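Each chain, letter by letter, is given below.
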Amino acid sequence: METHRRKEEIRGSAEEEVSVRPRDRAKAFCDQYGLEYPILLGPMAGACPVSLSVAVANAGGMGALGALFTSPSGISEWVRDFTAQSKGPLQINNWIPDPPPRRDAEAEARVRAFLASWGPAVPPEAGDVRLQDFDAQCDAILAAAPRVVSSIMGVYPPAFVARMKERGIAWWATAITLADARRAQTAGADAIIAQGFEAGGHRGAFDHRDAERQLVGLIALVPRFVDHLDVPVIAAGGMGDGRGVAAALALGASAVSVGTAFLRCPEAQTHPAWANALADLEPENTMTTRALSGRLARSIATDYVKAAAAPDAPAASPYPVQRGLTQAMKDAGAKANDYHRMQVWAGQSAAMSKTMPAGQMVKEMWDEAQALL
């Protein structure tokens, strides 16, 4: 009887410790970054208007700017608009650029011929995409002085990391494998964003050629990172309500990054065709594809994306060539309210997105999570 009682005491003590530690870990993270709740808006390039970030930050979370498409002056203007409406913390994210792509005129011609049945004719020069000046963007980000600068697709150059640290700006690095997470930690990252394969949008593979084989779910990824890293882990992918938040924190994460779930909030200003397509979207009706940009990303399984995955369809051109080649189709689809020809990223939890104010969603997520922890 005594042995049984002792086992029950040990079991009870362990269960109590598990129920307390996630809250303590999340609170420490919140205290460090000026948050009320450990809920961060995912920095979705092209889908993070100031209004959405303000709503999330003012509710106690963290706002975000995905700066990939934003010019240096645009970054400055965006941040001015944000700080005029919110005193909350902000994260600015940018892609680490790949080397220039190897062009193949014949392969691009096959892609253009395929796209002709989905939208306007695509001229050869459509693939000549000019990216933003990365170094100038970095300068603008430092001048904006957000609480956090985050990265995806790799690590920032050491000189830029040093400049961030000098200004007291934290660096969070997105990773989809432990090897990449370790590389980022060694390079000076203050936290690692563990991007599960459930996440919508582009995969954060450091080497884009490996992206298809690095599709690891969040339940496997977060504990792996937590067990082998010395910095906090932020969970991203598949969370749309408090149940997902609680699960991520129980797995060892210090906070969560949520993107798709906010896309139907009024402050997101998402194109109506995209927003409506997210409603009740089954997880299996999303899929990973290179057909929209040339980089692997999770999208709604639209007619175009499925057709591009057919065995007889041409292989996608590399990023950003494919992005440029598909632009006319995407513009025509948006104009016609036809999401099947649009770029409509979506995580597997898209059905949890709601048409409620973003601030209310943040608070409801945390209330539900607390009840479960």
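Since we're looking at a predicted model, the values are computed, not measured. (Residues numbered from 1 in each chain as written. Predicted model: local features only at pLDDT ≥ 70, side-chain atom pairs only at ≥ 80, totals over all residues. Heavy atoms only, no water.)

(A) The arrangement of the sheet that holds strand 1 (residues 39-41) in detail. If you trace the eight strands from one edge of the open sheet to the other, you get 1-9-8-6-5-4-3-2, paired in parallel fashion. With partners counted over all chains shown, the strands left at the sheet margins are strand 1 and strand 2 (63-66), one partner each. This sheet shows a mean twist of 25 degrees between the axes of neighbouring strands, independent of strand direction. Pairing of strand 5 (residues 170-175) with strand 6 (residues 191-195), which is carried by four bridges, proceeds in the parallel orientation. Within the sheet, the bridge partner assigned to Trp 172 lies in strand 6 and is Ala 191. Of the strands in this sheet, strand 5 and strand 6 are in contact with helix 7 (residues 178-186), which crosses strand 5 at around 165 degrees. (Pairing = 2+ DSSP bridges. Helix = DSSP H or I, 4+ residues; strand = E, 2+ residues; numbered from the N terminus. Axes fitted to C-alpha atoms, helices over the stretch in contact; angles between N-to-C directions. Contact = heavy atoms within 4.5 Å.)

(B) Just the sheet that holds strand 10 (residues 286-289), in detail. Spatial strand order, 7-11-10: three strands in an open sheet with antiparallel pairing. Strands at the two margins of the open sheet, each flanked by one partner only, are strand 7 (201-202) and strand 10. In this structure, strand 7 lies alongside strand 11 (residues 297-300), joined through two bridges in antiparallel fashion. Bridge pairing in strand 11 links His 202 to Ala 297.

(C) Fine view of the pairing of strand 11. Bridge count between strand 10 and strand 11: four bridges; the pairing is antiparallel. Its bridge partner being in strand 11, Thr 288 is matched across the sheet by Arg 298.

(D) Representation of the environment of Ser 71 in the model. Secondary-structure assignment places Ser 71 in the loop between strand 2 and helix 3 (72-85). Each C-alpha atom of the pair Ser 71 and Leu 131 lies 9.5 Å from the other, and the pair is 60 residues apart in sequence. Reaching out from Ser 71, the side chain makes a polar contact with the side chain of Ser 73 at a distance of 3.2 Å. (Polar contact = N/O pair within 3.5 Å; in protein donor to acceptor, adjacent residues only side chain to side chain.)

(E) The pairing of strand 2, seen in detail. Residue alternation in strand 2 divides its side chains into two sets, Gly 63 and Leu 65 and Ala 64 and Gly 66, and both sets are buried. Remark: the strand 2/helix 3/strand 3 (residues 90-95) crossover connection has right-handed handedness. (Buried < 20%, exposed > 50% of the residue type's maximum accessible area, 1.4 Å probe, protein only. Right-handed = clockwise from strand over helix to strand, strands pointing away.)

(F) Layout of the side chain of Asn 94. By the secondary structure assignment, Asn 94 is in strand 3. Note on Asn 94: relative accessible area 1%, which makes it buried. Aside from chain neighbours lying at most four places away, what touches Asn 94 is Ala 67, Leu 68, Phe 134, Gln 137, Ile 141, Ser 150, Ser 151, Ile 152 and Tyr 156.

(G) Up close: the packing of helix 7 against helix 8 (residues 218-228). At their nearest, the axes of helix 7 and helix 8 sit 10 Å apart, and the two run at 40 degrees to each other. One way to sum up the angle between helix 7 and helix 8 is to call them oblique. Helix-helix and strand crossings are classified by hand; for helix 7 and helix 8 the assignment is right-handed. Counted together, Leu 178, Ala 181 and Arg 182 of helix 7 and Arg 224, Phe 225 and His 228 of helix 8 form the full contact between these two elements. By residue class, the composition of the contact of helix 7 with helix 8 is three nonpolar, one polar and two charged. (Parallel < 35°, antiparallel > 145°, perpendicular 65-115°, else oblique. Left-handed = near helix turned anticlockwise from the far one by under 90°. Nonpolar A, V, L, I, M, F, W, Y, C, P; charged D, E, K, R; others polar.)

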